[in-house]
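Read off the chains here:
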Amino acid sequence: MALPTFLAENPLLYADMIEPIRRGTGVLTHGDASAAAIRVCGCIGMVAADAAHTVAFLEEMGGLPLLTVHGRVQAEAWARLHPEMGRMPCHQAVYFHRAITVPKVTGITLRPLTAANVSWVEAMYGRYHDPEEIAPAIARGEMLGAFAGDMLAGFVGMHEEGGIGMLQVAEDFRRRGIGAMLEAEMVRRELARGHLPFCQITEGNGASLALQRALGMTVTETACVTWFFREEGGE
């Protein structure tokens, strides 16, 4: 099934659907002139359609643990039917330039994380997000650490759907440009692979939005992509 034209023509809004299809990690389960649904890595359902089709497509996906809805009206329609699910509205940011300059930070070097770093990273990342993402991402070679000597000062990684994320800097190392260094290097690597770099920023995270714009990312004006997830203990 070919990539629907309406997705291809709006990569800012739909990069999170376009890239999994292009990379082979996403399967297009429905696609026509105005609606599309994909299944990513067997556990994430993503939909771009009007409200009625959004609900229908998501219901067909049979209870996947993570769902992504494009459009605020569509997200509200799904939320009314499934108030038991948690949700996280996000801005989407895409890097459309062909190259990026990775800033240098004195005393900081970047290198891939290894299994030896898992527990420290899980402890830090788990304060805010799902720590179960960490070990698989490290095993895939998709997490990068910033080191001050042997001390891990921060990290960044790739989510399963292909978005750059999991960016964290240890409190003692903040406001030195390490976050920008980490993300810029990940963007550089994505460009080298022929990918369109993108990420998502939780609504209200002004610091992260400012970072994306400083790096040259184009950012959606509103939080137009909403993640839905099953709360712990929910059905």
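Structure's up top.
Definitions and limits used
Residues numbered from 1 in each chain as written. Predicted model: local features only at pLDDT ≥ 70, side-chain atom pairs only at ≥ 80, totals over all residues. Heavy atoms only, no water. Helix = DSSP H or I, 4+ residues; strand = E, 2+ residues; numbered from the N terminus. Buried < 20%, exposed > 50% of the residue type's maximum accessible area, 1.4 Å probe, protein only. Contact = heavy atoms within 4.5 Å. Phe/Tyr/Trp six-rings, centres within 6.5 Å; stacked < 30°, edge-to-face > 60°. Lys NZ or Arg CZ within 6 Å of the ring centre and 35° of its normal. Pairing = 2+ DSSP bridges.

Trainee: In this structure, what is going on with the side chain of T54? I would like to understand it.
Mentor: Considering the arrangement of structural elements, one finds T54 in helix α3 (residues 51-60). Here T54 falls in the buried class, since its relative accessible area comes to 0%. Not counting the four nearest positions on each side in its chain, T54 is found in contact with V47, A49, V69 and Q74.

Trainee: What's the story with the packing of aromatic side chains in this structure? I'm lost.
Mentor: In this description, a pair of aromatic rings is defined by centroid distance and the angle of the planes. By the definition in use, this model includes 2 aromatic pairs. Measuring from centroid to centroid gives 5.6 Å for F6 and Y14, while their planes differ by 80°, and the two rings are edge-to-face. Accessibility classification places F6 together with Y14 in one group, the buried group. An angle of 85° between the planes, with centres 6.4 Å apart, marks the rings of W120 and F155 as edge-to-face. A residue pair is termed long-range when its members are at least 10 positions apart, and W120 in helix α5 (residues 118-125) and F155 in strand β8 (residues 151-158) qualify at 35 residues. For W120, a relative accessible area of 38% gives the class partly exposed. Residue class for F155 comes out buried when judged on its relative accessible area of 0%. In this structure, R111 is placed above the aromatic ring of F147, and the distance from its NZ or CZ to the ring centre is 3.7 Å.

Trainee: Would you mind showing me how to read the environment of P65 here?
Mentor: Along the chain, P65 falls in the loop between α3 and β4 (66-70). For the pair P65 and P20, spaced 45 residues apart in sequence, the C-alpha separation works out to 18 Å. The contacts of P65, once residues within four sequence positions are left out, are C43, F228, F229 and R230.

Trainee: I tried to follow the pairing of strand β12 (residues 225-230) on my own but got confused; where do I start?
Mentor: Put simply, side chains in a regular strand alternate between the two faces of the sheet. Here β4 pairs with β12 via 5 bridges, running antiparallel. By the bridge assignment for β12, H70 is matched with V225. The sheet contact formed by strand β5 (residues 85-94) and β12 spans 6 bridges and is antiparallel. Counterpart to M85 in the pairing with β12 is R230.

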